[in-house]
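Chain by chain, the residues:
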Amino acid sequence: MIEWIKQLKTAFGLAFLWLVCLIYFTQGFRSFVWTAVSYQLKDRLKLSPSASQFVFSIAFFPWSIKPIYGILSDCIPIKGKKRIPYLVIATVMSLVPWLILGVNETSGSSMWHLIILLTVQNLGSAMADVVVDAMIAEAVRCEKALFAGDLQSISWLAMAFGGVCGSLLGGYALTNLKIDIIFLLFSVLPAIQLFSCGLLEENSLDGEVFSEFPNSSDSHLLNGKTNNLDEDSSLEKKSNVSARKRKKSKKTQFMLRRVQTQSPGKGKSLALQWFQSLKDATYSLCRAFKQPIILRPMAWFFIAHITVPNLSTVMFYYQTEFLKLEASFLGTARVIGWLGLMIGTFTYNQYLKKMKLRRILMLAHIGLAFLNLFDIVLVSRTNVAFGVSDKALVLCGSALSDAINQLKFMPFLILSGQLCPPGIEGTLFALFMSINNFGSTVGSFVGAGLASLLNISSGSFDNLLLGIAIQLFCTLIPIMLLFLIPKEATGIASN
């Protein structure tokens, strides 16, 4: 392990390796502070479950437009640099909201003030996520390509470690500290991240404009050519790397073309070149995405999110107010969830890679529907009659839920990699991830609407059982639309 890290240090440098691990550790450690946000909405603002879910839906929307950040950083350098300036901007946006919430108590006393601050914070986190993905993709090009899987593995380990630490410490902090102090404590991480940005040097483009997108002359790459989707089709290495990633989602690979800028007297101005680069980027993405082989599967994953109402915030209220579960226990449940995610990834890689994606997705949704029965048992109090404790049921449900959701997410990652046409893999993959994130956001809005329609509120959970039954039925709807997934697609591809 130590020797492996030394090899990565030699290949990429200590400053780069530290920054990558720190950013991904911070992404995982976010559970430390977002649990506190949930209690802020419930206890301090006294919001109903549907209103709290509405706040989360808006606050996490910046994760749904990730390609915009990638296109901007690729096409519009700041003082000749494409990565570090954007990473600094993103880190500042991640840092300032937590400082404001921690120092000024009144800033979190208004729902709309809190929405603005949380949205800005997520905007910074999402932008940092995209930029560091681009930095990793650039770092492993050419002679360092041998370390691509290793670099992505260590970033995954950093995020998983951050998630476990954040979940464990978050519950303890909520029991012993004020929420304002928790916000301030978390702000230490983006502050260190901001300082670390100054440790890494980035070469200036020196008057060059870069574009990762093919122009109109490259359109043959996007027309009539798609990757085969059987076992011998495209991307085993990419799918194996993606199998280590959550969400979420993550690693972009950029194929860059260098376009020399012309002198002011002989050609376009720099602003016009930037505009043309942005135009080419948008045009290429639209052309690729409109292909049926890409549009249909992405439509399924989007529909699979929006047709199933997300009642997670409602269940959080039920567990804390009706079942009286402590914050420390809920933190432990999230740790179990992280372990379940790892088990789901291992299960997929060991036993399900050769299975048809349609079957995997069908089994995943049947499993999710089965998990709704856990919530039905919990809310109907049937478990008490059989001597099963609430905590045991919640822990079991948390582990199985994250494991099964990972079984559903892995085909999304692999199919996304297989569908990306040559030349725009990075940003189109980011677009796929954004579609997945936007579907989750819409599903949260649907869940908030359902909770409001059923008059489920803090202290009033009479109709929660009906809401979960509706959620169970809706979980089966995407199974009827699996014809949108390529019939021969599997979870393995060729080198």
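Residues numbered from 1 in each chain as written. Predicted model: local features only at pLDDT ≥ 70, side-chain atom pairs only at ≥ 80, totals over all residues. Heavy atoms only, no water.

As for the overall build of the protein chain
Next up, step 1: Scanning the protein chain from terminus to terminus reveals 20 helices and 2 strands.
Next up, step 2: Relative to its 495 residues, the protein chain shows a buried fraction of 56%.
Next up, step 3: Surface accessibility of the protein chain: about 21,100 Å² in total, with carbon and sulfur atoms responsible for 66%. (Helix = DSSP H or I, 4+ residues; strand = E, 2+ residues; numbered from the N terminus. Buried < 20%, exposed > 50% of the residue type's maximum accessible area, 1.4 Å probe, protein only. Areas by Shrake-Rupley, 256 points an atom, 1.4 Å probe, with all protein chains shown as cover.)

Let's talk about the confidence of the model for the protein chain
Next up, step 1: This prediction gives the protein chain a mean pLDDT of 79; 79% of its residues lie at or above 70.
Next up, step 2: Mean pLDDT values over the elements of the protein chain span from 39, in helix α11 (residues 236-242), up to 95, in helix α20 (residues 464-475).
Next up, step 3: Every residue in residues 207-267 is under pLDDT 50, and counting partners more than four places away or in other chains gives 184 contacts. (pLDDT = per-residue confidence, 0-100. Contact = heavy atoms within 4.5 Å.)

A few points about the environment of Ile-78
Next up, step 1: With respect to the helices and strands, the residue Ile-78 is situated in the loop between α5 (66-75) and α6 (84-103).
Next up, step 2: Look past the residues within four positions of Ile-78 in its chain and what remains in contact with it is Pro-85, Tyr-86 and Ile-89.

A look at unusual backbone geometry
Next up, step 1: Unlike most non-glycine residues, Lys-324 shows phi in positive territory, near 60 degrees.
Next up, step 2: For Lys-324, the location among the structural elements is in the loop between α14 (312-322) and α15 (327-352).
Next up, step 3: One non-glycine residue with positive phi stands out, namely Arg-381, at about 65 degrees.
Next up, step 4: In this fold, Arg-381 is placed in the loop between α16 (357-380) and α17 (382-385).

Looking at the side chain of Ser-125
Next up, step 1: Counting through the fold element by element, Ser-125 comes out in helix α7 (residues 111-139).
Next up, step 2: Assessed through its relative accessible area of 7%, Ser-125 is described here as buried.
Next up, step 3: A polar contact of 3.0 Å, which involves the side chain of Ser-125, links it to the side chain of Arg-30.
Next up, step 4: In this view, Ser-125 contacts Gln-27, Arg-30, Trp-63 and Ser-94; residues no more than four positions away in its chain are not counted. (Polar contact = N/O pair within 3.5 Å; in protein donor to acceptor, adjacent residues only side chain to side chain.)

Re the nonpolar core
Next up, step 1: Counting residues in each nonpolar core, the largest one holds 64 residues, and the members touching the most others are Phe-16, Leu-87, Met-135 and Trp-300.
Next up, step 2: In terms of residue count, the dominant contributor to this core is α7 (9 residues).
Next up, step 3: If we ignore the near neighbours within four places in the chain, the residues touching Trp-300 are Leu-361, His-365, Pro-478, Leu-481, Leu-482, Leu-484 and Ile-485.
Next up, step 4: Counting residues in hydrophobic clusters, the runner-up holds 57 residues, among them Leu-22, Tyr-39, Leu-47 and Val-314. (Core = buried A, V, L, I, M, F, W, Y, C linked by side-chain atoms within 4.5 Å.)

Overview of the pattern of salt bridges
Next up, step 1: Here the structure, examined in full by the defined rule, presents 6 salt bridges.
Next up, step 2: The closest approach of N and O atoms between Asp-180 and Arg-44, which form a salt bridge, is 3.1 Å. Pair noted here: Asp-180 is in helix α9 (residues 179-186) and Arg-44 is in helix α3 (residues 31-44), with a separation of 136 residues, a long-range link.
Next up, step 3: Overall, the relative accessible area of 6% leaves Asp-180 in the buried class.
Next up, step 4: We classify Arg-44 as partly exposed; its relative accessible area is 37%.
Next up, step 5: As a salt-bridge pair, Lys-391 and Glu-326 come within 3.4 Å of each other at their nearest N and O atoms. Here Glu-326 lies in the loop between α14 and α15 and Lys-391 lies in helix α18 (residues 390-419), a separation of 65 residues in the sequence.
Next up, step 6: Among the residues examined, Lys-391 registers a relative accessible area of 35% and is labelled partly exposed. (Salt bridge = Lys/Arg side-chain N within 4 Å of Asp/Glu carboxyl O.)

As for the packing of aromatic side chains
A ring pair, where both rings are aromatic, is described by two values, the distance of the centres and the angle of the planes.
Next up, step 1: Per the stated rule, a full pass over the model turns up 20 aromatic pairs.
Next up, step 2: Relative to Phe-374, the ring of Phe-370 has its centre 5.6 Å away and its plane inclined at 70 degrees; by these criteria the two rings are edge-to-face. Separated by 4 residues within a single helix, Phe-370 and Phe-374 lie in helix α16, roughly one turn from each other.
Next up, step 3: Above the face of the Phe-329 ring, Lys-391 is positioned so that its terminal group lies 5.3 Å from the ring centre. (Phe/Tyr/Trp six-rings, centres within 6.5 Å; stacked < 30°, edge-to-face > 60°. Lys NZ or Arg CZ within 6 Å of the ring centre and 35° of its normal.)

Regarding a nonpolar patch on the surface
Next up, step 1: A surface patch of nonpolar side chains, amounting to about 500 Å² of accessible area, comprises Trp-18, Val-188, Ile-192, Phe-195 and Leu-199.
Next up, step 2: In terms of residue count, the dominant contributor to the nonpolar patch is helix α10 (residues 188-197) (3 residues).
Next up, step 3: Relative to the assigned elements, Trp-18 resides in helix α2 (residues 14-29). (Patch = residues over 30% accessible without salt bridge, like charges linked within 9 Å, V, L, I, M, F, W, Y side chains within 5 Å.)

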